[in-house]
Amino acid sequence: MSLSNEEILEAIGSKTLVEVMELVKAFEEKFGVSAAAPVAVAAGPAAAGGGAAAAEEQTEFTVVLKSAGEKKVEVIKVVRGITGLGLKEAKDLTEAGGTVKEGASKEEADKIKKDLEAAGASVEVK
C-alpha cells in the first residue's frame with residue numbers, strides 16, 4: 001500500500017520536533033544523503049564559475065535562538081509564528097535554544113532576528 005504525499009505530510013505534522021529530527025537522520029542514513037546537500041549544490045556552480053569571491057558570498061542563513069530572555073511567552077508566540085510548531089514544541093525550542101530557521105534569505109533572516117529580538121530573545125544569524 002502506497003501513501004499519498006498528503007498522508008505522509010499529515011503523519012509528519014503530528015510528530016514532535018525531536019521525532020522529526022530523528023526521522024531526518026534516519027533518511028540520511030538509509031539513503032546516504034544529507035539535509036544540507038542542496039546548499040552545497042547551489043553554491044557549487046557559483047564557485048566554479050565565479051572564483052573565490054563568489055564562493056564566499058553567503059545566500060542562505062540560519063537563525064539560531066540563543067536565549068529567550070525575560071519575556072519567554074512572547075518569544076514562544078513568535079517562534080510558533082515562524083516555524084509553525086505546536087505550543088509544546090515551540091516552548092521546548094524556546095527553552096533549549098537552537099535553530100529556528102535554516103536556509104533563510106538575508107532579508108528573511110533579518111526579519112526573523114528583528115521579530116525575536118523585539119520579543120526579548122537573544123538571536124544569532126549564521
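So, how was this worked out
- Residues numbered from 1 in each chain as written.
- Predicted model: local features only at pLDDT ≥ 70, side-chain atom pairs only at ≥ 80, totals over all residues.
- Heavy atoms only, no water.
- 1 Å grid on protein atoms, 1.4 Å probe; cavity = no way out; pocket = protein on both sides within 12 Å on 5 of 7 lines; lining within 4 Å.
- Points joined across faces, edges and corners; volume = space filled by probe spheres on them.
- Helix = DSSP H or I, 4+ residues; strand = E, 2+ residues; numbered from the N terminus.
- Axes fitted to C-alpha atoms, helices over the stretch in contact; angles between N-to-C directions.
- Parallel < 35°, antiparallel > 145°, perpendicular 65-115°, else oblique.
- Left-handed = near helix turned anticlockwise from the far one by under 90°.
- Contact = heavy atoms within 4.5 Å.
- Nonpolar A, V, L, I, M, F, W, Y, C, P; charged D, E, K, R; others polar.
- Salt bridge = Lys/Arg side-chain N within 4 Å of Asp/Glu carboxyl O.
- Buried < 20%, exposed > 50% of the residue type's maximum accessible area, 1.4 Å probe, protein only.
- Pairing = 2+ DSSP bridges.

## Here we look at the layout of surface pockets
And step 1. Considering only enclosed or pocket space, the largest pocket measures out at about 580 Å³ in volume.
And step 2. Forming the walls of the largest pocket are 19 residues, and the residues nearest its centre are Leu17, Met21, Leu93, Thr99 and Val100.
And step 3. Of all the secondary-structure elements, those providing two or more residues to the lining of the largest pocket are α2 (17–31), α4 (72–83), α5 (87–96) and β2 (98–104).
And step 4. Considering each element in turn, the lining of the largest pocket owes the most residues, five residues, to α5.

## Considerations on the packing of α4 against helix α6 (residues 106–118)
And step 1. α6 packs onto α4 with a crossing angle of 155° between their chain directions and a minimal axis gap of 8 Å. The pairing of α4 with α6 is recorded here as roughly antiparallel in orientation. Of the two possible hands of crossing, α4 and α6 adopt the one that is right-handed. Contacts between α4 and α6 involve Val75, Val78, Val79 and Ile82 from the first element and Ile112, Asp115 and Leu116 from the second.
And step 2. In the contact of α4 with α6, the residues fall into six nonpolar, no polar and one charged.

## Describing the pattern of salt bridges
For side chains bearing opposite charge, pairing can occur when the charged atoms are close.
And step 1. Scanning all chains against the criterion turns up eight salt bridges.
And step 2. With a shortest N-O distance of 2.9 Å, Glu124 and Lys66 are connected by a salt bridge. One end of the pair, Glu124, is in strand β3 (residues 122–125); the other, Lys66, is in strand β1 (residues 61–67), and 58 residues separate them in sequence.
And step 3. Judged by its relative accessible area of 47%, Lys66 falls in the partly exposed class.

## Comments concerning the sheet that holds β3
And step 1. Strands sit in the order β2-β1-β3 across an open sheet of three strands; the sheet is antiparallel. Of all strands in the sheet, those with a lone pairing partner are β2 and β3, marking the two edges. Neighbour-to-neighbour, the strand axes of the sheet open up by a mean angle of 20°, direction not taken into account.
And step 2. For β1 and β3, the ladder comprises four bridges, and the chain directions are antiparallel. Bridging from a neighbouring strand, Val63 pairs with Val125 of β3.

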